[in-house]
Amino acid sequence: MKRKGIALLAALLLMPSAWALTLDEARQQGRVGETLSGYVAARQQDEATLTLVKRINDGRLQQYQRVAQQNNLTASEVARIAGEKLVNRAGSGEYVRGINGQWLRK
């Protein structure tokens, strides 16, 4: 019986999705912030944060490319429009990067 318990615990510990950092958690903890470029940026340089930022930004790029194609725009134009909206929608206590490149806490 002990072996099954240890195996179950090991399996749970090795499941990345069970312990993966979410975007909402990272925002609340001040580890990431929204930028006017339409992409999230890391405020902390640890592995979990950087992995999350890459995953989120890769997904956003795909979405921006899809929307751009449908609307005869460039992905950069769509990203900029989205960036303005994301910065404006950031919640209280979350970080955003201003025009001057400095982080501001809303």
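Please read these numbers as outputs of a predicted model, since none were measured by experiment. (Residues numbered from 1 in each chain as written. Predicted model: local features only at pLDDT ≥ 70, side-chain atom pairs only at ≥ 80, totals over all residues. Heavy atoms only, no water.)

Chemist: I tried to follow the overall build of the protein chain on my own but got confused; where do I start?
Modeler: What the protein chain contains, in helices and strands, is 5 helices and 4 strands. Across the protein chain, helices and strands are ordered from the amino to the carboxyl terminus as α-α-α-β-β-α-α-β-β. Counting only contacts in the protein chain whose residues sit at least 6 apart along the sequence, the fraction spanning at least 24 positions is 40%. Accessible surface for the protein chain amounts to roughly 7,600 Å². Of this, 56% is attributable to carbon and sulfur atoms. (Helix = DSSP H or I, 4+ residues; strand = E, 2+ residues; numbered from the N terminus. Contact = heavy atoms within 4.5 Å. Areas by Shrake-Rupley, 256 points an atom, 1.4 Å probe, with all protein chains shown as cover.)

Chemist: Can you walk me through the packing of aromatic side chains in this structure?
Modeler: Each aromatic ring pair is described using two quantities: the centre-to-centre distance and the angle formed by the ring planes. Summed over all chains, the structure comprises 1 aromatic pair. The interplanar angle of 75° and the centroid separation of 5.4 Å between the aromatic rings of Tyr39 and Tyr64 together place this pair among those described as edge-to-face. Here Tyr39 is found in the loop between β1 (32-35) and β2 (40-42), whereas its partner Tyr64 is found in helix α4 (residues 47-71), with 25 residues between them in sequence. Overall, the relative accessible area of 22% leaves Tyr39 in the partly exposed class. (Phe/Tyr/Trp six-rings, centres within 6.5 Å; stacked < 30°, edge-to-face > 60°. Buried < 20%, exposed > 50% of the residue type's maximum accessible area, 1.4 Å probe, protein only.)

Chemist: Honestly, the side chain of Glu34 in this entry has me stumped. Any pointers?
Modeler: Relative to the helices and strands, Glu34 resides in strand β1. Among the polar contacts made by the side chain of Glu34, one reaches the side chain of Arg60 at a distance of 2.8 Å. Once residues lying within four places of it in the same chain are set aside, the contact partners of Glu34 are Arg27, Tyr39, Val40, Arg60, Leu86, Val87, Tyr95, Val96, Arg97 and Trp103. (Polar contact = N/O pair within 3.5 Å; in protein donor to acceptor, adjacent residues only side chain to side chain.)

Chemist: Please explain the sheet that holds β1 as it appears in this structure.
Modeler: Reading across the sheet, the 4 strands line up as β2-β1-β3-β4 and stay open at both edges, with mixed pairing between neighbours. What marks the edges here is a single partner per strand, and that holds for β2 and β4 (103-105). The mean angle between the axes of side-by-side strands here comes to 40°, regardless of whether they run parallel or antiparallel. Where β1 and strand β3 (residues 95-97) come together, 3 bridges link them in parallel fashion. Its bridge partner being in β3, Thr35 is matched across the sheet by Arg97. α4 contacts β1 and β2 of the sheet and is inclined by roughly 165° relative to β2. (Pairing = 2+ DSSP bridges. Axes fitted to C-alpha atoms, helices over the stretch in contact; angles between N-to-C directions.)

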